[in-house]
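# Geometric and topological summary
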Amino acid sequence: MLTTFNPAELPRALQHILDRDEAAAAIADAPTLAQIPRRSFLKIAGAGSLALGVFPAMAQAPAKGEAAGLKPTEQPASFVEISPNGEVTVAINRLEFGQGVHTALPLVLAEELDADWSKVRARLGGNDAAYADPRYGIQMTGGSTALKHSYTQYRELGARARAMLVAAAAAQWKVDAATLRTREGFVLGPNGKKLSYGELAQAAMAQPVPATVVLKNPKDFRLIGKPTGRIDARAKSSGQQSFGIDMHLPGQLTAVIAHPPVFKAQLASLDDAAARAVPGVKAVLRVPVDGGGEGVAVIATGYWPARKGREALKAQWNTDAVEKVDSERQLAQYRELAAQPGARHFDADISALDKAPRHIEAEFSFPYLAHAPMEPLNCTVQMSETGEAGADLYLGTQFAGVDGMAAARVLGLKPEQVRVHVQMAGGGFGRRGVGTSDYVVEACQVALAARRAGLNAPVRMVWSREDDIKGGYYRPMHLHRARIGFDERGKVLGWDHAIVGQSITAGTMFEGGMIKNGIDATAVEGMREPYPLPMRLTVHHPKVNVPVLWWRSVGSTHTAFVMETLIDEIARSSRQDPVAYRMQMFGDKHPRHRLALQLAVDKSGYGKRQLRAGRAWGVAVHESFDTVVAYVVEASVKDGRPVLHKATAGVHCNLAVNPRTIEAQVQGAALMGLSMCLPGAAITLKDGVVEQSNFGDFAVPRITDMPEIAVHVVPSAEPPTGMGEPGLPPLAPAFANAVAQLTGKPVRKLPFDLA
């Protein structure tokens with residue numbers, strides 16, 4: 001269920017929350033990014049399908065001052081194709097892996113193009129410069145930035161294409177272009193004249209690309225803001241959609257890799273005779289794997305013989321030179337670190353803490369988490385045999401440009417010789433956006449080794465579910481420790497806080513912009529704000545032999561839980577309503593938080609409706625990626641197990657481009673947030689080996705765990721903010737706060753442990 005308010009029901013937020021992407025400048029200036037090729041990736045597809053614009057396929061980017069001085073990201077040629085039958089195909093500068101950009105970005109462009117929505121299609125871009133994030137300057141999908149960064153870009157692309165179509169019609173009719181108008185795929189002229197976009201596409205290519213365009217008044221929107229079904233819904237719901245794992249090229253071979261059981265370990269010995277004897281196995285090759293380790297690639301005619309060959313390997317591993325992580329010892333080490341001096345993020349005066357009349361001392365622990373997308377990692381590499389030298393990569397990637405450059409380094413090619421064909425991906429949650437390009441590099445190592453072994457064929461490298469869950473790049477394990485002093489009215493007098501956890505940006509291209517004074521900004525995002533708290537925050541980033549990465553909503557996966565459960569605990573301790581306490585803390589400085597929380601409260605019936613016996617309310621609100629989401633939930637505890645029955649969300653994401661996508665994203669994010677709470681939702685290690693391997697021992701929610709979810713959106717005309725991730729962070733603390741109401745004990749560990 002999704003609703004949007006009538007603007008008269010709530011006052012609009014006073015101002016747009018400015019973009020706070022701290023890494024933008026550093027990323028744009030990173031020296032490795034200068035290698036990104038600036039050729040046009042768009043090719044005219046089929047007879048008569050025309051790309052609008054003045055730049056031919058494979059052309060270099062225009063020099064400054066030429067063709068109206070537009071950047072590659074501003075050229076309609078790379079983004080809009082119009083066929084004679086009027087179909088409009090829009091290129092997407094992101095990976096579509098469930099978040100809905102395959103519909104949202106075409107919707108924005110089609111609005112300004114004034115296209116017939118029933119004829120709009122979409123395709124994924126690649127590692128061409130045109131498909132770089134217009135703010136960051138690299139091809140990336142992450143940080144809930146698709147609409148936040150490309151909303152104006154795609155509107156302008158549509159407006160430029162529309163202006164060229166109108167100019168072509170004006171030239172044909174010999175009239176002033178200002179006298180013409182457009183409507184749903186047609187240019188309308190005097191005396192009832194009209195021409196379809198398909199009829200005008202070829203002539204429009206000869207028109208200059210306008211440097212500036214006037215965009216629609218939002219009151220004239222036909223598409224933006226209306227609940228719209230997804231372009232890819234039919235293919236995905238009917239099983240017809242192809243994903244990266246479905247890639248099949250002529251003569252293609254399939255490879256699986258035996259990775260070391262401990263990260264970065266080396267092979268001590270290998271007996272591959274039984275593997276080579278498996279029918280269909282073509283080669284067994286030792287290859288470098290991520291982090292400097294060594295693995296064994298089994299290459300075969302298909303996935304099943306490759307996997308059977310891997311199972312037949314007799315490999316011994318040397319783990320003497322690598323750290324063998326043990327989760328229990330690691331937690332003890334983190335506790336020791338939390339008590340030591342460290343880098344300071346906030347350094348408020350907390351001298352009144354010890355003298356405060358009331359105190360809370362709390363320790364929170366959060367385990368490693370695997371991303372566990374439905375489609376495991378995969379990458380197909382096709383190296384050229386004749387003709388143009390280079391390689392083609394087929395995969396669902398969040399970093400097409402970065403992965404293309406990593407492939408070039410492994411294959412001994414120039415970056416412009418690697419063509420990345422972005423495929424639909426079956427989820428990812430951050431795992432397909434890795435600074436090291438780990439699985440892409442491994443696929444290229446296998447393809448290179450296969451070529452040297454005489455196998456001149458495309459190679460599809462596929463991870464199994466077990467590989468995916470045991471393969472690292474987890475959400476880091478974290479420990480929080482807090483000492484809080486407050487008075488009888490709940491006023492916090494001092495808050496001493498420590499966070500211990502690995503940095504996810506250290507050693508990556510994001511380090512320069514994200515690590516300051518030794519503190520990774522992703523580890524502390526969401527701390528303190530929006531509450532006016534006198535907090536001293538100390539951070540420790542130990543180095544651990546476990547690869548870590550962002551996980552949907554990044555640092556907010558743990559900081560939101562800590563902040564929102566502690567705020568609730570202070571409210572309960574001072575005998576205040578949790579909603580009223582938060583509203584008082586917001587004051588007049590956080591109108592978007594106030595509006596989102598009030599909307600969730602009003603729609604849920606909180607404080608007005610009597611709950612069933614054995615149920616309790618839980619509340620939490622959190623801002624991430626410039627979007628505020630509040631939850632009011634109903635929960636119970638049955639046979640010692642917490643049960644989430646209902647969640648009501650209030651969302652402030654500024655302009656709701658497609659309310660249906662917002663509803664879907666909040667539903668999915670809430671379910672993923674719930675996944676952190678359920679028993680078995682943890683990755684643990686013993687003697688360096690990951691103990692979990694599949695959904696039997698790494699829990700994910702079942703359909704019976706799914707609560708009833710209602711999503712409500714605060715109306716706004718401000719430019720849209722992110723929606724892929726913000727629905728996740730406040731779900732777990734809202735659930736935990738309800739459980740604490742029922743049990744009388746705060747929840748300070750994920751997954752929940754009510755023992």
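Preceding this section is the structure that the text describes.
In short, a report on the structure. The model shown is predicted, which means the values in this text are computed figures rather than measured ones. (Residues numbered from 1 in each chain as written. Predicted model: local features only at pLDDT ≥ 70, side-chain atom pairs only at ≥ 80, totals over all residues. Heavy atoms only, no water.)

### Let's talk about helix α4 (residues 197-204)
For clarity, the threshold we go by: Burial classes: relative accessible area under 20% of the type maximum marks a residue as buried, over 50% as exposed, and values in between as partly exposed (1.4 Å probe, protein chains only). We count a stretch as a helix when DSSP gives it H or I for four or more residues in a row; a strand needs E for two or more, and each element gets its number in order from the N terminus. Relevant arc is that of directions from the helix axis to the C-beta atoms, nothing else.
Listed as buried for α4 are Tyr-197, Gly-198, Leu-200, Ala-201 and Ala-204. The arc that holds every buried residue of α4, seen down its axis, measures 155 degrees, which confines them to one face. In this structure, α4 carries Glu-199 and Gln-202 as exposed residues pointing more than 90 degrees from its buried face.

### Focus on the sheet that holds strand β8 (residues 194-196)
Short version of the rule: Note on pairing: two strands pair once DSSP finds at least 2 bridges between them. Each axis is a line fitted through C-alpha atoms, taken for helices only over the stretch in contact, and angles between the N-to-C directions span 0 to 180 degrees. The contact criterion used throughout is that any non-hydrogen atoms of two residues lie within 4.5 Å.
Here we have three strands laid out as an open sheet, ordered β6-β7-β8, and antiparallel in their pairing. Two strands bound the open sheet, and with one partner strand each, they are β6 (181-183) and β8. The mean angle between the axes of side-by-side strands here comes to 25 degrees, regardless of whether they run parallel or antiparallel. By the bridge criterion, three bridges tie β6 to strand β7 (residues 186-188) in an arrangement that is antiparallel. Across the sheet, residue Arg-183 finds its bridge partner in β7, namely Phe-186. Along the sheet, helix α3 (residues 146-173) contacts β6, β7 and β8; its crossing angle with β7, the most-contacted strand, is approximately 50 degrees.

### Re the layout of surface pockets
Basically, it comes down to this: Put simply, the grid is 1 Å and covers the protein atoms alone, a cavity is a trapped set of points that fit a 1.4 Å probe, a pocket is an open set with protein on both sides within 12 Å along at least five of seven lines, and lining residues have an atom within 4 Å of a point. Grid points are joined across faces, edges and corners, and a volume is the space filled by probe spheres set on the points. Nonpolar residues are Ala, Val, Leu, Ile, Met, Phe, Trp, Tyr, Cys and Pro. Charged residues are Asp, Glu, Lys and Arg, and all others, Gly as well, are polar. Where a domain begins and ends is set by an automatic assignment or by a domain database.
Space inside the second largest pocket adds up to approximately 1100 Å³. Lining the second largest pocket are 49 residues, with Phe-263, Asp-290, Tyr-473, Val-546 and Pro-547 positioned closest to its centre. At the level of elements, β9 (253-258), β13 (314-318), α10 (438-452), α11 (465-470), β23 (519-520) and β29 (689-690) are the ones that each hand at least two residues to the lining of the second largest pocket. Considering each element in turn, the lining of the second largest pocket owes the most residues, three residues, to α11. Broken down by class, the residue content of the lining of the second largest pocket amounts to 26 nonpolar, 12 polar and 11 charged. In terms of domain composition, the lining of the second largest pocket takes at least three residues from each of domain 2 (249-321 + 377-462) and domain 3 (327-370 + 474-743).

### Observations regarding the packing of aromatic side chains
Here is the rule we go by: Between rings of Phe, Tyr and Trp, where Trp is taken as its six-membered ring, a pair exists when centres lie within 6.5 Å; planes separated by under 30 degrees are stacked, by over 60 edge-to-face, and by other angles tilted.
For the structure on display, the rule yields 11 aromatic pairs. Seen in terms of ring centroids, Tyr-606 and Trp-617 are 5.4 Å apart; in terms of plane orientation they differ by 65 degrees. Their pairing is edge-to-face. Linking Tyr-606 in the loop between α16 (591-604) and β25 (615-624) with Trp-617 in strand β25, this pair joins segments that are 11 residues apart in sequence. For the pair formed by Tyr-606 and Trp-617, the shared burial category is buried.

### Details of the pattern of salt bridges
Rule in force here: By salt bridge we mean one thing: a side-chain nitrogen of Lys or Arg within 4 Å of a carboxyl oxygen of Asp or Glu.
Counted under the stated rule, the structure contains 37 salt bridges. Between Asp-496 and Arg-536 there is a salt bridge, with the nearest N and O atoms lying 2.9 Å from each other. Highlighted residues: Asp-496 in strand β21 (residues 492-501) and Arg-536 in strand β24 (residues 535-540), separated in sequence by 40 residues. On the basis of relative accessibility, which here comes to 23%, the residue Arg-536 falls in the partly exposed class. When salt bridges that share partners are traced, they join Glu-96, Arg-230, Asp-232 and Lys-236 into one network.

### Here's the deal with the sheet that holds strand β14 (residues 343-347)
Pairing in this open sheet of five strands is mixed, and the strands run β14-β24-β21-β20-β15 from one edge to the other. Whereas interior strands pair on both sides, the edge strands pair on one side only; in this sheet they are β14 and β15 (358-366). The average angle at which neighbouring strand axes cross in this sheet is 10 degrees, direction not considered. Summarising the sheet, strand β20 (residues 478-486) and β21 pair through nine bridges and their orientation is antiparallel. Across the sheet, residue Leu-479 finds its bridge partner in β21, namely Val-500.

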